Amino acid sequence: MSQTKETSPPSTTREPRQIDALIVGAGFGGMFMLHRLRGLGLTCQVVEAGTGVGGTWYWNRYPGARCDTESMQYSYSFSPELQQEWSWTERYAPQPEILRYANHVADRFDLRRDIRFETRVVSAHFDANANRWTVTTDKGDRISARYCVMATGCLSNARLPDIKGRDSFQGATYHTGHWPHEGVDLSGKRVGVIGTGSSAIQAIPVIAEAAAHLFVFQRTPNYSIPARNGPMTREYEHTWKADYEQRRAQARMTRNGILANFNDQSALEVPETTRRRNYESRWVTGGTTFMASYNDLITSKAANDTAAEFVREQIRALVKDAKVAELLAPKDYPIGTKRICADTLYFETYNRDNVTLVDLRSSPIEEITATGIRTADHSTDLDAIVFATGFDAMTGTLLKIDIRGRDGAKLSDKWEAGPRTYLGLMCAEFPNMFMITGPGSPSVLSNMMVSIEQHVDWITDCLAHMGSRQMSVIEPTQKAEDDWVAHVNEVASKTLYPSAASWYMGANIPGKPRVFMPYIGGVGRYRKHCEEVAAKGYEGFMMAGGRSVAA
Ligand code: N01
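None of the values given here were measured: they were computed from a predicted structure. (Residues numbered from 1 in each chain as written. Predicted model: local features only at pLDDT ≥ 70, side-chain atom pairs only at ≥ 80, totals over all residues. Heavy atoms only, no water.)

This next bit is on the overall build of the protein chain. Scanning the protein chain from terminus to terminus reveals 16 helices and 20 strands. The C-alpha radius of gyration computed for the protein chain amounts to 24 Å, which stays within 12% of the reference 24 Å derived for 551 residues, consistent with globular compactness. Projected onto its principal axes, the C-alpha positions of the protein chain cover 70 × 55 × 45 Å. Expressed as a percentage of the 551 residues in the protein chain, the buried residues total 59%. Sequence-distant contacts, at least 24 apart, represent 72% of the contacts inside the protein chain between residues at least 6 apart. Approximately 22000 Å² of the protein chain is accessible, and the part contributed by carbon and sulfur atoms is 50%. On the protein chain, the mean spot of the 62 positive side-chain charges and the mean spot of the 63 negative ones are 2 Å from each other. (Helix = DSSP H or I, 4+ residues; strand = E, 2+ residues; numbered from the N terminus. Rg over C-alpha atoms; globule rule 2.2 N^0.38 Å. Buried < 20%, exposed > 50% of the residue type's maximum accessible area, 1.4 Å probe, protein only. Contact = heavy atoms within 4.5 Å. Areas by Shrake-Rupley, 256 points an atom, 1.4 Å probe, with all protein chains shown as cover. Lys, Arg positive; Asp, Glu negative; His and termini not counted. Charge placed at Lys NZ, Arg CZ, Asp CG, Glu CD.)

On to the site of the ligand. By nearness alone, 24 residues border the ligand, and Arg-66, Thr-196, Ser-199, Arg-219 and Thr-220 come closest of all. At a separation of 2.6 Å, an oxygen atom of the ligand approaches a polar side-chain atom of Ser-199. With respect to the ligand, the side chain of Thr-220 contributes an N or O atom lying 2.5 Å from an oxygen atom. Notes on the ligand: free accessible area 920 Å², of which the protein chains cover 88%. The element best represented in the shell around the ligand is helix H5 (residues 198-210), accounting for three residues. Its residues assigned to classes, the shell around the ligand comprises nine nonpolar, nine polar and six charged. Residue assignment places the shell around the ligand across two domains, with domain 1 (17-157 + 393-544) and domain 2 (166-387) each supplying three or more. (Near = heavy atom within 4 Å. Polar contact = N/O pair within 3.5 Å; in protein donor to acceptor, adjacent residues only side chain to side chain. Nonpolar A, V, L, I, M, F, W, Y, C, P; charged D, E, K, R; others polar. Domains from an automatic or database assignment.)

Ranked by size, the top nonpolar core spans 129 residues in total, and within it Phe-28, Tyr-76, Tyr-350, Phe-434 and Trp-458 carry the most contacts. With nine residues, the single largest contributor to this core is helix H14 (residues 448-468). Each of domain 1 (17-157 + 393-544) and domain 2 (166-387) gives at least three residues to this core. (Core = buried A, V, L, I, M, F, W, Y, C linked by side-chain atoms within 4.5 Å.)

Moving on, we get to the state of the cysteines. Using the criterion set out here, one finds zero disulfides in the structure. Cys-44 carries a free sulfur, and the closest cysteine sulfur to it, the one in Cys-148, is 12 Å from it. Here Cys-154 is not disulfide-linked; the sulfur of Cys-427 is the nearest cysteine sulfur, at 14 Å. (Disulfide = S-S within 2.5 Å.)

Turning next to helix H7 (residues 244-252). For H7, the set of buried residues is Tyr-244, Arg-248 and Ala-251. Take H7 and look down its axis: the buried residues cluster within an arc of 60°, on one side only. Close packing links the buried residues of H7 with helix H3 (80-85) and helix H6 (234-242). (Arc of directions from axis to C-beta.)

Here we come to unusual backbone geometry. Its identity is not glycine, yet Glu-118 carries a phi of approximately 50°, on the positive side. Mapping Glu-118 onto the fold places it in the loop between strand E3 (115-116) and strand E4 (121-127). Residue classification places Glu-118 among the partly exposed residues on the basis of a relative accessible area of 47%. Backbone geometry places Leu-345, a non-glycine residue, at a positive phi of 60°. For Leu-345, the position within the fold is in the loop between strand E11 (341-343) and helix H11 (346-349). Take Leu-345: its relative accessible area is 52%, and that puts it in the exposed class.

Every other side chain in a regular strand lies on the same face of the sheet, so the side chains alternate between the two faces. Across the two faces of strand E16 (residues 384-387) the burial is the same, with Ala-384 and Val-386 and Ile-385 and Phe-387 all buried. Note that strand E7 (residues 172-175) and E16 share four bridges and pair parallel. Within E16, the residue paired with Ala-172 across the bridge is Ala-384. Both strand E8 (residues 190-194) and E16 contribute to a ladder of four bridges, which runs parallel. The residue of E16 that forms the bridge with Ile-194 is Phe-387. (Pairing = 2+ DSSP bridges.)

Right, let's get into the confidence of the model for the protein chain. Summarising the model, the protein chain shows a mean pLDDT of 95, and 96% of its residues fall at 70 or more. Considering only residues more than four positions removed or in separate chains, one finds that residues 8-13, a stretch of pLDDT under 50, has eight contacts. Predicted confidence for residues 547-551 stays below pLDDT 50, and this span has 16 contacts to residues more than four positions away or in other chains. (pLDDT = per-residue confidence, 0-100.)

Attention now moves to the domain arrangement of the protein chain. Along its sequence, the protein chain is carved into domain 1 (17-157 + 393-544) and domain 2 (166-387). Measuring from the centre of the C-alpha atoms in domain 1 to the corresponding centre in domain 2 gives 27 Å. Each side of the interface is counted separately: domain 1 has 48 residues, and domain 2 has 51 residues. Taken together, the two surfaces of domain 1 and domain 2 that pack against each other cover about 4300 Å², and 51% of this comes from carbon and sulfur. Considering only the surface of domain 1 that becomes buried against domain 2, Asp-68, Met-72 and Leu-496 emerge as the three largest contributors, covering 18% of it. Between domain 1 and domain 2 we count one salt bridge in total. Two residues, Asp-68 and Arg-339, come together in a salt bridge whose shortest N-O distance is 3.0 Å. Put simply, domain 1 and domain 2 have 32 residue pairs in polar contact (both at pLDDT 80 or more) between them. Put simply, the parts of the chain that give the side of domain 1 that touches domain 2 at least two residues each are helix H2 (56-59), H3 and helix H16 (523-535). (Buried area = accessible area lost by both parts, 1.4 Å probe. Salt bridge = Lys/Arg side-chain N within 4 Å of Asp/Glu carboxyl O.)

Quick look at the structure:
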């Protein structure tokens, strides 16, 4: 189905290289997209900023980094051979193992020959006369592609907070999302960690083992469930592999793409003793699927309170110093409305003599100095500062690229008041530009592997459909986009999510619009909807075959 005869790849010549599809990012989304589009016979180029594949697992190498979705579920399902052959060593795979897996996939499917590493896309402009995207990179490449697929990841734009004096610190500084590849030796050092999100909660227990003293600078405490990680048993692996196709199919239709023993009962319809037994049993089993204890934890404040209070009780039991325990127990937002965490001995770490919790609520950071961090009432001397301060999530990476659609429309203008998409897959005015796990899709609320595969398959089917009908341009209608945005907001407004100042809401970035960005309607429901859209001839999309698309 190749529509473009590929030209040789000069990088700085005036004539751009002509290909069918340009894919931005070689994480799990970009790699699978490349594999699928090659299967359609398209000429493809992936552009990747890192020196290797793996996306988020390439960049996030901080101590303790691991996936908090179970290994047997956090992997590709598209190749029965791959999923049977690969063996995970732990219940939750550590980052180096996930990166090995990504590299294995790249080798197994011969992906590297179409990936340009150490190169960043800086602009993507749509030419409505040719119906092609012209993409430029920081290496001077100009590439002309019929389709542009943004596989840029949801959490790929690491964020350093604007703290006064940030760059004056004379010791070492690190961001969890940009951890040095050669590793960092923090042994014997006085280390400050700023932040207590998922990354910090994984890193803190490991850093505490090495550091002379660890100071944790906490603004908002987080709910965390013990991961109960451990070695993968051959029996457990076997039960999954013996039934993989069916389990994968079931997971695709769940609320968040994970088989999780979801209890479809209200927390309020069972007696307190039953509820407690359920929470206790899930606490012992471990993992973020604790939120699957009842069906209304994310919609009813009263139901949510029962789970939140249970977790607070566990924190109080785990942390010996009652004052510290109280500081670590979240109270001002519902459990699950900021990303729930899974940990290994996180709360217990605060019982160590070499760990100090610094409460920024009572004494905010005033300045980073040459020698450490000064809060309103204390100065702490440090040898190293670890910023575990998160990401400009979901939109940050896309908006760093100068993306212009029809008539020069800028994506940054279109999304000024928050992201607007149809299905999280495409935007009106931006023909032939697809997003993998874009805002408006379940994305970060789901098992990313499941959502990535669903988007890649949908895009592939869509391009195959277009190819078979001599169509070469696709764009959502404004109405379809408006209706979808309204639906995404309506569904979110029926949950407790908007009540928390989370990165889901853009609340971690000063000035970012407060809009709930992912789609909370559920992975299964969303998948069905996307399938129906396709079955109805790509309802809500305009397609054209010629050189221009009708508005
Ligand atoms: O980032 P975060 P993350 N002064 O934004 C604090 C995924 N993930 O990298 O809450 C002081 O969650 C901030 O405080 P507050 C997962 O989806 C997955 O930890 O804004 N503190 C917060 O505590 C996750 O949700 C895995 O008050 C400041 C922290 O920094 C997402 O990545 C593992 C501050 C940032 O937390 C992001 O997690 C790890 C300031 N100026 C991550 N600015 C898996 O296992 C920010 N903070 C799959």
